[in-house]
Amino acid sequence: MHNDSLTERFYAQMQLIRRTEQTFFDLYGRGLMAGTVHTSIGQEACAVGVINALDRTRDVIFSSHRAHGHFLAYCDDVEGLVAELLGRRSGVVGGVGGTQHLHKHNLYTNGVQGGIVPNAVGAALAEKHKQSGAIVIVFLGDGTMGQGVVYESMNVAALWSLPLLFVLEDNQYAQSTHRRDEHAGSLAQRAQPFGIESAEIEADDVFTVYAAAQRAAEYVRRQNHPFFLILHTYRLAPHSKGDDTRSAEELQRYWARDPLARLAAALPDVQRAAIDAAIEQRIEKAVEKALTDEVEEIGDWRLEIGAHQSLNPLISQSPNLPISNLQSPISYLESLRQSLHTILAEDSTALVLGEDILDPYGGAFKVTKGLSTRFPDRVRTTPICEATIVGMSVGMALRGLRPIAEIMFGDFVALAADQIVNHAAKYPAMYNGQVGAPLVIRTPMGGGRGYGPTHSQSLERLFFGIPHLKIVAASHLHNAGALLRQAVADPEPVIFVEHKLLYPLALVRGEIGRLRDWRVENGEWAPVTDDDVLQMAEGVDRFGYPVAMTRNYGDGETPDVTVIAYGGMSRLLAPLLAEMAAEEIRVLACLPACISPLDAAPLVWAAAQSGRVLVAEESPVAFGWGAEVATQVHALAGDRLHAPVARLGAAPTVIPAAKPLEDAVLPSQAMLAAQIFKLLEM
Ligand SMILES: Cc1ncc(C[n+]2csc(CCOP(=O)(O)OP(=O)(O)O)c2C)c(N)n1
């Protein structure tokens, strides 16, 4: 027999979940709720049994679309949950996240099946690193066991022996599809090949779940190793609101085994009735209050999250190292490498991870050389698992670390796209600003080395315009290392684009022939007192990132053409400006470091100096960065233009491996020159 107070507690929690979710159906029926809802009716014993076995003061929970039960068992905040689903300001995340995107204390949910699993791995790594004694729990459904990232995550969790409890709630169905039509082999044995122990139980009885979860949690905490707990359960309500294709007979069979009814029968009627009445009253009040509550406002701060947040001291001390601090000449590669050393030395929460980054190899492009020897605990080589590399970084960032992930070739960010777009860039805003996700994904992009179609692209383009994600491209006209420090200190996630061809080049910090370094730093910027539209008082864009400017003419002269570009294009611009100087064509080149989001002001200012603008990028021009720049320049400085903005990029095809073919596809100095001559004829 179980002790009475536990029976009462478990019943009250399960009943609260049941009645809250039934109320959601009712509110939808009355047209008071929008969107969707996924209830855990029938599965309450899983949430209550597992979560009561945890240390709620420190353990960390990740869950998915079907998380109301986990949420209520964890924090009992029915008022916050009801208001959240009703889209009100008093909702746990201000009505921004809604049913699938909940956050409170150490609980995080997201609605992309499988995506939270590597986040949980990262969180487990963070807790282990912090020696907090906390374990991490990730709930997933049987359908989600079809996702590849789940297995990448199991691999890393076991390999690194992380305190992570996988809880599979096997309710037999994924939306409308039975698991027999989704999975080959046995789900229960999925973890075994990774060296992860597992246990499997029928989850009809909350006490059985509780006991199994206690054993599992204790194992994870004691062994600092993952465990896989499989709970066989059944969803008694539709997948979401009304989409149920299961037979009435099947449903009836499972209703007859309802775990909540079974627990209710263990309580005296009077006691149960008192609990029920209190719950009804609580839910009723929560609904009443939420319905009179206001809807959250979308403030500017959320539209530009990070822009108004105070920056990490790292950056406010030294946003861009003064030129004199730079050991000259220093290569782009060395600048980045030294910067990583500085970051890890200054910030004990910074951690570097990626494929093949350990000494003596030191990374495919050697940017991490020496790092693992100096910081063995904070430099981790990973399996080949880009989604999980980024997903773990997200989890670490949520739990207070500053991860710096290296993706060996930029082309492979495509494998991590879900983590970048639906996780890293989403969490802070969808949790209404309650969390940060400060992580940096460093990656070499671009062609020119004959690596062929899948190792030469400039795929940062895939992520342009994603809200709350920054893309920072280091050219060799920037102080690349300082820029990396700035990215690491950024409160938002950053994709930090390096260009393969720049690695050996010396950073340009002074004059080269007639090339003048106009980089804007330390508040110095060309005065624009004669310009009544734009004020460039500071030497950085509105996100705090530097904009490099170079020119091939003297003070008091005006340019004939403005070239706007970023990143690796800088290697073409230096010789181009020299070539144009020989032709007596004055060129102003402008390279922002933060290329998305884009502060148009410096670019528009540069464009207005000449009225003839060429935007150059290494990707195909269609739907590219240049299209955004051209639109902004036309909109804001159209009256200053003497010709439509011209664009140059790669030919719209694969980047061939053969050198002559690659040269023909990628933009070159000659192509830039040709475009400039064309512009001057207009
Ligand atoms: C990546 C992804 N694909 C598809 C969906 C749509 N979807 C939402 S829930 C669901 C079924 C999930 O099944 P399971 O993992 O068994 O969890 P359950 O719904 O049974 O709790 C699907 C396909 C999604 N949210 N995410």
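Every chain begins its residue count from 1, and numbering advances along the sequence as written. Local features in this predicted model are restricted to residues of pLDDT 70 or higher, and side-chain atom pairs are both shown and tallied only at a pLDDT of 80 or more, whereas totals for entire chains, interfaces and linings draw on every residue. With hydrogens and water stripped out, all remaining heavy atoms of the structure feed into the side-chain values.

Quick look at the packing of helix α20 (residues 600-610) against helix α21 (residues 625-637)
For step 1, the next point in the chain: Helix axes are fitted to C-alpha atoms over the stretch in contact, other axes to C-alpha atoms as well, and angles between N-to-C directions run from 0 to 180 degrees. Secondary structure elements follow DSSP: runs of H or I of four or more residues count as helices, runs of E of two or more count as strands, with numbering from the N terminus. Between α20 and α21, whose axes approach to 9 Å, the crossing angle comes to 70°. Considering the angle they form, α20 stands roughly perpendicular to α21. Where α20 crosses over α21, the handedness of that crossing is right-handed. Residues Ala600, Leu603, Val604, Ala607 and Ala608 of α20 touch α21, and the partners they reach there are Val629, Gln632, Val633, Leu636 and Ala637.
For step 2, the next point in the chain: Gly falls in the polar group here, along with every residue not listed as nonpolar (Ala, Val, Leu, Ile, Met, Phe, Trp, Tyr, Cys, Pro) or charged (Asp, Glu, Lys, Arg). Residue classes in the contact of α20 with α21 are distributed as nine nonpolar, one polar and no charged. Roughly parallel here means an angle under 35 degrees, roughly antiparallel means over 145, roughly perpendicular means 65 to 115, and every remaining angle is called oblique. If you view the pair so one helix is near and one far, a crossing is left-handed when the near helix is turned anticlockwise from the far one by less than a right angle, and right-handed when it is turned clockwise. Throughout, a residue-residue contact means that at least one pair of heavy atoms, one from each residue, lies within 4.5 Å.

A few points about the confidence of the model for the protein
For step 1, the next point in the chain: Of the residues in the protein, 91% reach a pLDDT of 70 or more, and the chain-wide mean stands at 90.
For step 2, the next point in the chain: Across residues 301-327, confidence stays below pLDDT 50; counting only partners more than four residues off in sequence or on other chains, it has 47 contacts.
For step 3, the next point in the chain: A score from 0 to 100, pLDDT tells how confident the predictor is in each residue. Low pLDDT (under 50) marks residues 510-538, which in the prediction has 72 contacts with non-local residues, meaning those over four places away or in another chain.
For step 4, the next point in the chain: As a predicted assembly, this complex carries a pTM of 0.93 together with an ipTM value of 0.99.

Some remarks on the packing of aromatic side chains
For step 1, the next point in the chain: Under the pairing criterion, centres of Phe, Tyr and Trp rings, with the six-membered ring standing for Trp, must be within 6.5 Å; the plane angle then separates stacked pairs below 30 degrees from edge-to-face pairs above 60, leaving the rest tilted. Using the criterion set out here, one finds 17 aromatic pairs in the structure.
For step 2, the next point in the chain: Between the aromatic rings of Tyr332 and Tyr503, the centroid separation amounts to 5.8 Å while the plane-to-plane angle is 55°, which identifies the pairing as tilted. Of this pair, Tyr332 sits in helix α13 (residues 332-346) while Tyr503 sits in the loop between β15 (494-499) and β16 (516-517), placing them 171 residues apart in sequence. Judged on exposure class, the residue Tyr332 and its partner Tyr503 are both buried.
For step 3, the next point in the chain: By the ring-pair criterion, three or more aromatic residues cluster together here, those being Tyr332, Phe365, Phe409, Phe412, Tyr451 and Tyr503.
For step 4, the next point in the chain: Placement of a positive charge over a ring is assigned whenever Lys NZ or Arg CZ falls within 6 Å of the ring centre and within 35 degrees of the normal to the ring plane. Above the plane of the ring of Tyr173 lies Arg246, whose end atom (NZ or CZ) is 5.3 Å from the centre.
For step 5, the next point in the chain: For the cation-ring pair, Arg380 lies above Trp160, with the distance from its terminal atom to the ring centre recorded as 4.6 Å. The buried label applies to any residue whose accessible area, calculated with a 1.4 Å probe on protein chains only, is under 20% of its type's maximum; exposed applies above 50%, and partly exposed to all values in between.

A look at helix α1 (residues 4-29)
For step 1, the next point in the chain: Working rule for helices: expected span equals 1.5 Å times residues minus one. With 26 residues, α1 extends 37 Å between its outermost C-alpha atoms, agreeing within 8% with the 38 Å of an ideal straight helix rising 1.5 Å per residue.
For step 2, the next point in the chain: Count one or two residues on from α1 and you reach Gly31, which has phi positive near 75°.

With respect to unusual backbone geometry
For step 1, the next point in the chain: The linkage connecting Asp359 with the following residue, Pro360, adopts the cis geometry, with an omega of 5°.
For step 2, the next point in the chain: Residue Pro597 is bonded to the preceding Ser596 through a cis peptide linkage, with omega at 0°.
For step 3, the next point in the chain: Its place among the elements puts Pro597 in the loop between β20 (594-596) and α20.
For step 4, the next point in the chain: One non-glycine residue, Glu584, lies in the positive phi region at around 60°.
For step 5, the next point in the chain: You will see that Phe623, though not glycine, has its phi angle at about 60°, which is positive.
For step 6, the next point in the chain: Along the polypeptide, Phe623 turns up in the loop between β21 (613-620) and α21.

So, the packing of α1 against helix α4 (residues 78-85)
For step 1, the next point in the chain: Running from N to C, α1 and α4 point in directions that differ by 20°, and their axes come no closer than 11 Å. Classified by the angle between their axes, α1 and α4 sit roughly parallel to one another. The two elements α1 and α4 cross, and the hand of that crossing is right-handed. Facing Leu16, Thr20 and Phe24 of α1, the residues of α4 in contact are Val78, Leu81, Val82 and Leu85.
For step 2, the next point in the chain: A breakdown of the residues in the contact of α1 with α4 according to their chemical character gives six nonpolar, one polar and no charged.

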